[in-house]
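Report on the structure
Listed here are the chains, written in short residue letters.
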Amino acid sequence: MTTGPDLQELLRSLRVWAPEVTELPPLDPDSAPDTPLALFTAWFAEAVAAGETEPHVMSLATRDDEGLPDVRIVMLHGADEEGWSFASHATSRKGRQLATFPYAALAFYWPRLGRQVRLRGPVLPATPAESQADLHAHSTGALAAALTGHQSEVLPSLDELARASEAAWERARREPETPVPSWTLYRVFPDEVEFFQGDALRRHVRLSYERQERGWSKSLLWP
């Protein structure tokens, strides 16, 4: 009988922030900008410059009707004064959850720099016009995937997926402005944003921004 890999042995063999691939820059809270968006933008640019793989992907956490958590990886579509945005079908699992409980948490992880960014807050859908503009600003493949539809529904077979996807790709190429009414751009308006900077001696710096009536307050958290 062939045995599989030893999970515990594999886990013990791994390192976090190996110095040959990781640089841990300092985070000076006293010089941090007044708004989390400014620091996020700077960190995102540094993640791109460091060669971080897919720095624009993030974990999105929501809750279901029973209050149980749900999480998945999605792509960041933008971050500005209007909030941090992502998109999905309103009919998908995450779309239905957000319709019931419009609150979410996001998390970014950039291991080359030992950095995390976490934020959470209420979620609002963009207008249909904004949502369609967002969809058509992306690739043909993104439109084809949206046209395939049925996200989160039970799939009878992979053959059925292949047929639906092929038809969607043909339509996306033929009609690149085809609307997908269920496609929705969502924006998270964070109440709090935390920046985590890893340290080789485990003296990690955690800088938290909390939204106040006028602007943001900053505080440090124990690691």
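Presented here is an overview of the structure given in this document. For clarity, every value in this text was computed on a predicted model and none was experimentally measured.

A closer look at the pairing of strand β9 (residues 205–211)
Of the strand pairs in this sheet, strand β8 (residues 192–197) and β9 are connected by six bridges, and their pairing is antiparallel. Within β9, the residue paired with Glu194 across the bridge is Ser208. Linkage of β9 to strand β10 (residues 216–221), two consecutive antiparallel strands, is achieved through a turn of four residues, within which Gly215 is found at a positive phi near 90°.

Thoughts on the packing of helix α5 (residues 140–148) against helix α6 (residues 158–174)
Closest axis-to-axis distance for the α5/α6 pair is 8 Å, and the angle between their directions is 130°. By the angle class used here, α5 and α6 are oblique. Crossing handedness for the pair α5 and α6: right-handed. Along its contact with α5, which presents Thr140, Gly141, Leu143, Ala144, Leu147 and Thr148, the element α6 presents Leu161, Ala164, Ser165, Ala168, Trp169, Arg171, Ala172 and Arg173. Its residues assigned to classes, the contact of α5 with α6 comprises eight nonpolar, four polar and two charged.

Concerning the layout of surface pockets
In this model, the largest pocket occupies a volume close to 470 Å³. Ala87, Ser88, Lys94, Gln151 and Trp183 are the residues nearest the centre of the largest pocket, which is lined by 22 residues in total. Put simply, the parts of the chain that give the lining of the largest pocket at least two residues each are β2 (69–75), β4 (83–89), α3 (93–100), α4 (128–136) and α5. Taken together, the residues of the lining of the largest pocket sort by class into nine nonpolar, eight polar and five charged. Estimated volume of the second largest pocket: approximately 300 Å³. Lining the second largest pocket, in full, are Thr148, Gly149, His150, Gln151, Ser152, Glu153, Val154, Leu155, Pro156, Glu160, Leu161 and Ala164. Among the elements that take part in the lining of the second largest pocket, α6 stands out by supplying three residues, more than any other. Along the lines of polarity and charge, the residues of the lining of the second largest pocket split into five nonpolar, five polar and two charged.

Thoughts on a nonpolar patch on the surface
Residues Leu7, Leu11 and Leu14 make up a contiguous nonpolar surface patch of roughly 330 Å² in combined accessible area. In this fold, Leu14 is placed in the loop between α1 (7–13) and α2 (36–49). Accessibility expressed as a relative area gives 62% for Leu14, which makes it exposed.

A short note on the environment of Glu175
Summarising the element assignment, Glu175 is placed in the loop between α6 and β7 (183–188). Through-space distance from the C-alpha of Glu175 to that of Arg214 is 46 Å; in sequence the pair is 39 residues apart.

So, the pattern of salt bridges
Applying the stated criterion to the full structure yields nine salt bridges. For Glu194, the salt bridge identified is with Arg118, shortest N-O distance 2.9 Å. Of this pair, Glu194 sits in strand β8 while Arg118 sits in strand β6 (residues 115–125); the two residues are 76 residues apart in sequence, bridging distant segments of the chain. The class for Glu194 is buried, based on a relative accessible area of 9%.

Thoughts on α4
Turning to α4, its buried residues are Ser131, Gln132, Asp134 and Leu135. Along α4, the residues classed as buried sweep out an arc of 155° about the axis, all on the same side. In this structure, the buried residues of α4 make contact with β4, α5 and β7.

Brief notes about the nonpolar core
Of all hydrophobic cores here, the largest spans 27 residues; its most connected members are Phe40, Trp84, Phe86, Phe108, Val117 and Phe195. Those elements that place two or more of their residues in this core are α2, β1 (57–63), β4, β5 (103–110), β6, β7, β8 and β9. Element by element, the count of residues in this core is highest for α2, at five residues. When sequence neighbours within four positions are dropped, the list of residues in contact with Phe40 reads Leu76, Ala79, Trp84, Phe108, Trp110, Val117 and Phe195. If you look at the next biggest cluster of nonpolar residues, it comprises ten residues, including Leu143, Ala146, Ala172 and Trp183.

Reading the values: the criteria
Residues numbered from 1 in each chain as written. Predicted model: local features only at pLDDT ≥ 70, side-chain atom pairs only at ≥ 80, totals over all residues. Heavy atoms only, no water. Pairing = 2+ DSSP bridges. Helix = DSSP H or I, 4+ residues; strand = E, 2+ residues; numbered from the N terminus. Axes fitted to C-alpha atoms, helices over the stretch in contact; angles between N-to-C directions. Parallel < 35°, antiparallel > 145°, perpendicular 65-115°, else oblique. Left-handed = near helix turned anticlockwise from the far one by under 90°. Contact = heavy atoms within 4.5 Å. Nonpolar A, V, L, I, M, F, W, Y, C, P; charged D, E, K, R; others polar. 1 Å grid on protein atoms, 1.4 Å probe; cavity = no way out; pocket = protein on both sides within 12 Å on 5 of 7 lines; lining within 4 Å. Points joined across faces, edges and corners; volume = space filled by probe spheres on them. Patch = residues over 30% accessible without salt bridge, like charges linked within 9 Å, V, L, I, M, F, W, Y side chains within 5 Å. Areas by Shrake-Rupley, 256 points an atom, 1.4 Å probe, with all protein chains shown as cover. Salt bridge = Lys/Arg side-chain N within 4 Å of Asp/Glu carboxyl O. Buried < 20%, exposed > 50% of the residue type's maximum accessible area, 1.4 Å probe, protein only. Arc of directions from axis to C-beta. Core = buried A, V, L, I, M, F, W, Y, C linked by side-chain atoms within 4.5 Å.

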